[in-house]
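Here's the letter readout for the chains.
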There are 2 protein chains.
Amino acid sequence: MIEKIKSYLHTHRDEHIEELMAFLRIPSISAVAQHQPDMLKCAEWTAQSLQKAGLENIDIMPTKGHPVVYADWLHAPGKPTVLIYGHYDVQPAEPLELWETPPFEPVIRDNKLFGRGSTDDKGQLLLYVKVVEAFLQTQGSLPINVKFCIEGEEEIASKHLPSFVEEHASKLQADSIILSDTQMHGPGKPALMYGLRGLAGFEITIDGANSDLHSGLFGGAVQNPIHAISKLLSSFHDEQGRVAVHGFYDRVIELSDKERESFKQVEPDENKVRTNLNVTELYGEQGFSFYEQTTSRPTLEITSVSGGFQGEGIKPIIPNRASAKIACRLVAAQVPEEIMDLVEAHIHALTLPGVTITLDRQLRGNPFITPIDEPVMLAAAEAYEETFSEWPVYTRSGGSIPIVEVLGRVLDAPVVLMGFGLPGENLHAPNEHFHLMNWDNGTETISRYWLKLAQLAATSKESN
Amino acid sequence: MIEKIKSYLHTHRDEHIEELMAFLRIPSISAVAQHQPDMLKCAEWTAQSLQKAGLENIDIMPTKGHPVVYADWLHAPGKPTVLIYGHYDVQPAEPLELWETPPFEPVIRDNKLFGRGSTDDKGQLLLYVKVVEAFLQTQGSLPINVKFCIEGEEEIASKHLPSFVEEHASKLQADSIILSDTQMHGPGKPALMYGLRGLAGFEITIDGANSDLHSGLFGGAVQNPIHAISKLLSSFHDEQGRVAVHGFYDRVIELSDKERESFKQVEPDENKVRTNLNVTELYGEQGFSFYEQTTSRPTLEITSVSGGFQGEGIKPIIPNRASAKIACRLVAAQVPEEIMDLVEAHIHALTLPGVTITLDRQLRGNPFITPIDEPVMLAAAEAYEETFSEWPVYTRSGGSIPIVEVLGRVLDAPVVLMGFGLPGENLHAPNEHFHLMNWDNGTETISRYWLKLAQLAATSKESN
């Protein structure tokens, strides 16, 4: 069956790429208000494209921001249902002068399709639409049930999607969630990203006297809020680079030997990292590699500090306030709110006479992980291997894509991140492109994946 | 002899106060360029006033800023020479709407003379001019040799006076230096301010990677400059509030029992200070009172700190730079340059991997002290006591008036600060005034002081 699918995709390739180029010509920049009409046009274009492929129940669903495009095909009774997530919005194209060809006039050079959105995410999203078309045109049906949820606000932090997912949870319900908005490890080297860090962000403010004080007349006799905040901030880490907040690591799921072993395939050369950053040495929690430190260990980073006169020269005052902002990156199964409770307890246990301390909780994002031995993960790995003749590497990112965790948690389903982009394809930068080699590899991998998923049992959650 | 002087001053009081009011009518605001003509007019007025009093060798001496007015009377062979320092410039008068009567239209209410410059420093300066006049008119001579050095830049940090004093050191040479630009302890309570703190000001910069880094992708594996500067800044003080820089206190001249005892007369009520500042408690070096901490102990105060994104919200980065500015207040016999050497050694002894630290030395001001048992100090105290029937209290200030130290050091002579202002006379604020009770007390005290100085031997330095 896969040969027929491949053959269809091969025969219609030019037409499909032409369709992708039409998608890329719409400057659907979600961040810029004047592109509001383009956003609507792009949502409609997406809906039509889904319909043309044979999907049903097409719906452009309003949110408080840009609409979500929904579609499904649910005629595979007893088979699993997969929710496909993607986004039709793109990053702004500036600086325009650095583009070799205009960002919204896509062209192919060296089998690479250049244009804003080509890899992030229009190109990767359309793979799924064309796989639907190929199955329906050659088999008359899909091997599984599919639902599409395509948002228009991914590049503006998916502002309204969490509430949308909560509200439409039953409509979006699925056995697994799949999305292609990440990267392969390199050409010919597939990757499954199975973990993302969460975030707890807060601000600490230390107040001293009721006004700035003359450092001559009061210096030496009152607590200086900058002294106090320096003591506090320096108390957050021990000499071994570990976070010294009591209980901070309690919920951390330690890496398995298999994970640590697999990381060796993706570990960057630490010397190269050091040289690129131009630092004398790397520095982090002892006993962990750079890759482990940045992906599978939680951190507490002070992202800003401020106190006293910020102008030129030395104004000899004792300021009446100092503040710092902190971002903790969290790993499964840490809980942002609980981490901020622990930090607050840490602060209250310190003795800092003569000042008052307040903590303002601002950001919360749960960490995300899909265990690599989940059946849907194994199936994805097999599909990759059959296409690329290479078992995928397992990666984690140190960053946060909060919507991934939201989808998994609210819909209570494993999330599979199957990237077909390549490192260096300039997402968010000028000359963004998508290597069309991975157009072909992508459609094949997805087709094979769906055939494999069809062999897995649908869970009891499935309502169809 | 003193009765004749007093009688002359009494007889001519109205005319003298009238002259002071004319002095106050000139808006000699050194900080504001448009008052340049007023500055010249005021320098000329000062010169004429000195000449009218009988002083000689009147000279309006140029500097790179506003001129210095010089005059002398050197016909007391074998007698000490005293250099009288003062300034003819004043602070800006804004906010004008808060003045009950216009700042440059002096008026007397309740025996207080209101007007910008009345207490700081025209009123206090003119005391000396009128004492010269009184001696010359009643005795035909002065009991000692006097030189006047009256600058026009005190309110703009005496920018050009240090180089002026260096250049004209032999012309200005004296056995002692006297100035009245400070305050009494209270009505009827004279004070001799015998110590001022010096200053060492510097900036510390910590550099990490060659750009800000994404806290997700690099957090946990590179040194964060804010973490490093927090460790550094928190290392400057120990748990007892002492500066923990090795050698910092080595040159500090400890307070004598006599000094500590005398401070009890001027110690503010610490509860009141705490309440005024609205802090839960005062905090400083243990074993010292508030007054001792702020005047006779050196301090290291971080006056500002900065690092990371300073806008609204949490931008999750590891910034590539953090910096702090520090002002050390120094006491005799600490040396600013040496203190900065010690801080630099302290920094280099710390282990802060993965960052580079630089220290930029910016401000230097020596501490000043005139031992309270210096003969010229004792004579001043006796003069005060004879006038006020009260021995003066000995005070120190935690602030810095660098020019006082420069005069004493370059001219190698003790400096006596004999203030006749009162607390609450609003120097630098609206409704500045000078209580005329202290016009009379001031001229009498100075007259008595000069008579006493005449009984001290001139030192070998005296060139006359």
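It should be emphasised that the depicted structure is a prediction, and the values quoted were computed from it without experimental measurement.

K.L.:
So what about the domain arrangement of chain A? Which residues, and what values?
P.N.:
Residues and elements named next belong to chain A. Looking at the assigned domains, one finds that chain A contains domain 1 (2–196 + 367–453) and domain 2 (198–252 + 298–365). Between domain 1 and domain 2, the residue contacts involve six residues of the former and eight residues of the latter. Counting the surface lost from both domain 1 and domain 2, the interface buries some 530 Å², and carbon and sulfur atoms represent 60% of this. At the surface where domain 1 touches domain 2, the tally comes to one residue pair in polar contact (both at pLDDT 80 or more).

K.L.:
For the environment of Ile253 of chain A, give the residues involved together with the corresponding values.
P.N.:
Residue and element names in this part refer to chain A. Locating Ile253 in the fold gives a position in the loop between α8 (225–234) and α9 (257–263). Since its relative accessible area comes to 45%, Ile253 is described here as partly exposed. Between the alpha carbons of Ile253 and Thr275 there is a distance of 31 Å; along the sequence they are 22 residues apart. Excluding residues that lie within four positions of it along the chain, Ile253 makes contacts with Ala332 and Ala333.

K.L.:
Describe the pairing of strand β7 (residues 176–179) of chain A, listing the residues and the values that go with them.
P.N.:
All names here are of chain A. Alternating positions in β7 separate into two faces, Ser176 and Ile178 on one and Ile177 and Leu179 on the other, with burial throughout. Relative to β7, strand β3 (residues 81–87) is paired through four bridges, and the arrangement is parallel. Looking across to β7, one finds that Leu83 is bridged to Ile177. In this sheet, strand β17 (residues 415–418) lies alongside β7 in parallel orientation, the contact comprising three bridges. Its bridge partner lying in β17, Ile178 is registered against Val416.

K.L.:
Please set out the interface of chain A and chain B residue by residue, giving values where relevant.
P.N.:
Taken together, the 73 residues of chain A in the interface contact 73 residues of chain B. Of the roughly 5600 Å² buried where chain A meets chain B, counting both sides, 56% is carbon and sulfur surface. On the chain A side of the contact with chain B, Tyr283, Glu301 and Ile314 of chain A bury the most area, a combined 12% of that side's loss. Run the count over chain A and chain B and you get zero salt bridges. For the interface between chain A and chain B, the tally reads 38 residue pairs in polar contact (both at pLDDT 80 or more). Looking at the side of chain A that touches chain B, the element that brings in the most residues is strand β11 (residues 299–308) of chain A, giving ten residues. Residue composition of the side of chain A that touches chain B, by class: 29 nonpolar, 34 polar and ten charged. Of the strand pairs in this sheet, β11 of chain A and strand β11 (residues 299–308) of chain B are connected by five bridges, and their pairing is antiparallel. Bridge pairing in β11 of chain B links Gly307 of chain A to Val305 of chain B.

K.L.:
Please set out the packing of aromatic side chains residue by residue, giving values where relevant.
P.N.:
Residue and element names in this part refer to chain A. Enumeration over the complete set of coordinates arrives at 18 aromatic pairs over all chains. Centre to centre, the rings of Phe263 and Tyr291 are 4.9 Å apart; their planes meet at 75°, and the pair counts as edge-to-face. Remark: Tyr291 occurs in helix α11 (residues 290–295) and Phe263 occurs in helix α9; sequence separation between them is 28 residues. Across the pair, exposure class does not vary: Phe263 and Tyr291 are buried alike.

K.L.:
Residue-level account of the sheet that holds strand β18 (residues 433–435) of chain B, with values.
P.N.:
Residues and elements named next belong to chain B. Reading across the sheet, the three strands line up as β4-β5-β18 and stay open at both edges, with antiparallel pairing between neighbours. Two strands lie at the open edges of the sheet, namely β4 (107–109) and β18, each paired on one side alone. The sheet shows a mean angle of 25° between the axes of neighbouring strands, direction not considered.

K.L.:
I'd love a proper account of the packing of helix α13 (residues 375–388) of chain A against helix α15 (residues 437–453) of chain A, names of residues and values included.
P.N.:
Residues and elements named next belong to chain A. Two elements in contact, α13 and α15, have axes separated by 8 Å at closest approach and are oriented at 135°. With respect to their mutual orientation, α13 and α15 come out oblique. Pair α13 / α15 crosses with right-handed handedness. Listed contacts from α15 to Val376, Ala379, Ala380, Glu382, Ala383, Tyr384, Glu386, Thr387 and Phe388 of α13 are Asn438, Asn441, Glu444, Thr445, Arg448, Tyr449, Lys452 and Leu453. In terms of residue class, the contact of α13 with α15 is built from eight nonpolar, four polar and five charged.

K.L.:
Account for the side chain of Ser28 of chain A, naming residues and giving values.
P.N.:
Residue and element names in this part refer to chain A. Along the polypeptide, Ser28 turns up in the loop between α2 (13–24) and α3 (36–53). Residue Ser28 is classed as buried on the basis of its relative accessible area, which comes to 0%. Among all residues touching Ser28, those that are not within four sequence positions of it are Asp38, Met39, Cys42, Tyr88, Asp89, Val90 and Lys122.

K.L.:
Explain the sheet that holds strand β14 (residues 356–365) of chain A residue by residue, including any values.
P.N.:
A sheet is described by the order of its strands in space; here eight strands give the open sequence β14(A)-β9(A)-β13(A)-β11(A)-β11(B)-β13(B)-β9(B)-β14(B), paired in antiparallel fashion. Taken across any chain shown, the strands that pair with only one partner, and hence form the sheet edges, are β14 of chain A together with β14 (356–365) of chain B. Averaged over neighbouring strand pairs, the angle between their axes works out to 20° when direction is ignored. Pairing of strand β9 (residues 198–207) of chain A with strand β13 (residues 321–330) of chain A involves ten bridges; the strand directions are antiparallel. Opposite Ile206 of chain A, over in β13 of chain A, you have Ala322 of chain A as the bridge partner. Along the sheet face, helix α12 (residues 336–349) of chain B touches β9 (198–207), β11, β13 (321–330) and β14 of chain B and points at about 165° away from the line of β14 of chain B.

K.L.:
Could you give an account of the nonpolar core, naming the residues involved and the relevant values?
P.N.:
Nonpolar side chains in soluble globular proteins generally cluster together in the buried interior. Within the largest apolar cluster, 74 residues are counted, with the highest numbers of intra-cluster contacts made by Tyr128, Val146, Phe148, Leu192, Met418, Tyr449 and Trp450 of chain A. Among all residues touching Met418 of chain A, those that are not within four sequence positions of it are Gln124, Tyr128, Ile178, Leu179, Ser180, Thr182, Leu192, Ala380, Tyr384, Thr445 and Tyr449 of chain A. Core analysis: the next-biggest nonpolar cluster, separate from the first, contains 72 residues, Trp45, Ala47, Ile150 and Val266 of chain B among them.

K.L.:
Describe in detail the relation of the copies chain A and chain B, supporting the description with residues and values.
P.N.:
The operation relating chain A to chain B is a screw motion whose rotation component is 179°, with 0.2 Å of axial translation and a residual RMSD of 0.2 Å. When the rotation and shift are considered jointly, the pair of chain copies conforms to a two-fold rotation axis. Of all interface residues in chain A, 100% are interface residues in chain B too; the two copies therefore contact each other through one and the same surface.

K.L.:
Account for the confidence of the model for chain A, with residues named and values stated.
P.N.:
Per-residue confidence for chain A gives a mean pLDDT of 95, with 98% of residues at or over 70. Scored below 50 in pLDDT, residues 460–464 of chain A makes 13 contacts in the model with residues more than four places away or belonging to other chains.

K.L.:
Describe the pattern of salt bridges, naming the residues involved and giving the relevant values.
P.N.:
Residue and element names in this part refer to chain A. Within this structure, the stated rule accounts for 54 salt bridges over all chains. Lys130 serves as the salt-bridge partner of Glu133, at 2.7 Å between the closest nitrogen and oxygen. One end of the pair is Glu133 and the other is Lys130, both in helix α4 (residues 122–139) and three residues apart, which spans about a single turn. One salt bridge connects Lys264 with Glu261, and the closest N-O pair in it is separated by 3.4 Å. A relative accessible area of 60% means that Lys264 is categorised as exposed. Salt bridges here are not isolated pairs; linked through shared partners, they connect Lys6, Glu382, Glu386, Glu444, Arg448 and Lys452.

K.L.:
Pulling in residues and values, what's your account of unusual backbone geometry?
P.N.:
A cis geometry characterises the amide bond from Asp120 of chain A onward to Asp121 of chain A, with omega recorded as 10°. With an omega of -5°, the peptide bond running from Glu94 of chain B to Pro95 of chain B counts as cis. Note on placement: Pro95 of chain B falls in the loop between β3 (81–87) and β4. Positioned with a positive phi, Ser158 of chain A is a non-glycine residue whose angle comes to about 50°. Mapped onto the elements, Ser158 of chain A comes out in the loop between β6 (145–151) and α5 (161–167). Judged by its relative accessible area of 7%, Ser158 of chain A falls in the buried class.

Rules behind the numbers
Residues numbered from 1 in each chain as written. Chains lettered and ligands numbered in written order. Predicted model: local features only at pLDDT ≥ 70, side-chain atom pairs only at ≥ 80, totals over all residues. Heavy atoms only, no water. Domains from an automatic or database assignment. Contact = heavy atoms within 4.5 Å. Buried area = accessible area lost by both parts, 1.4 Å probe. Polar contact = N/O pair within 3.5 Å; in protein donor to acceptor, adjacent residues only side chain to side chain. Helix = DSSP H or I, 4+ residues; strand = E, 2+ residues; numbered from the N terminus. Buried < 20%, exposed > 50% of the residue type's maximum accessible area, 1.4 Å probe, protein only. Pairing = 2+ DSSP bridges. Salt bridge = Lys/Arg side-chain N within 4 Å of Asp/Glu carboxyl O. Nonpolar A, V, L, I, M, F, W, Y, C, P; charged D, E, K, R; others polar. Phe/Tyr/Trp six-rings, centres within 6.5 Å; stacked < 30°, edge-to-face > 60°. Axes fitted to C-alpha atoms, helices over the stretch in contact; angles between N-to-C directions. Parallel < 35°, antiparallel > 145°, perpendicular 65-115°, else oblique. Left-handed = near helix turned anticlockwise from the far one by under 90°. Core = buried A, V, L, I, M, F, W, Y, C linked by side-chain atoms within 4.5 Å. Least-squares fit on C-alpha atoms with pLDDT ≥ 70 in both. pLDDT = per-residue confidence, 0-100.

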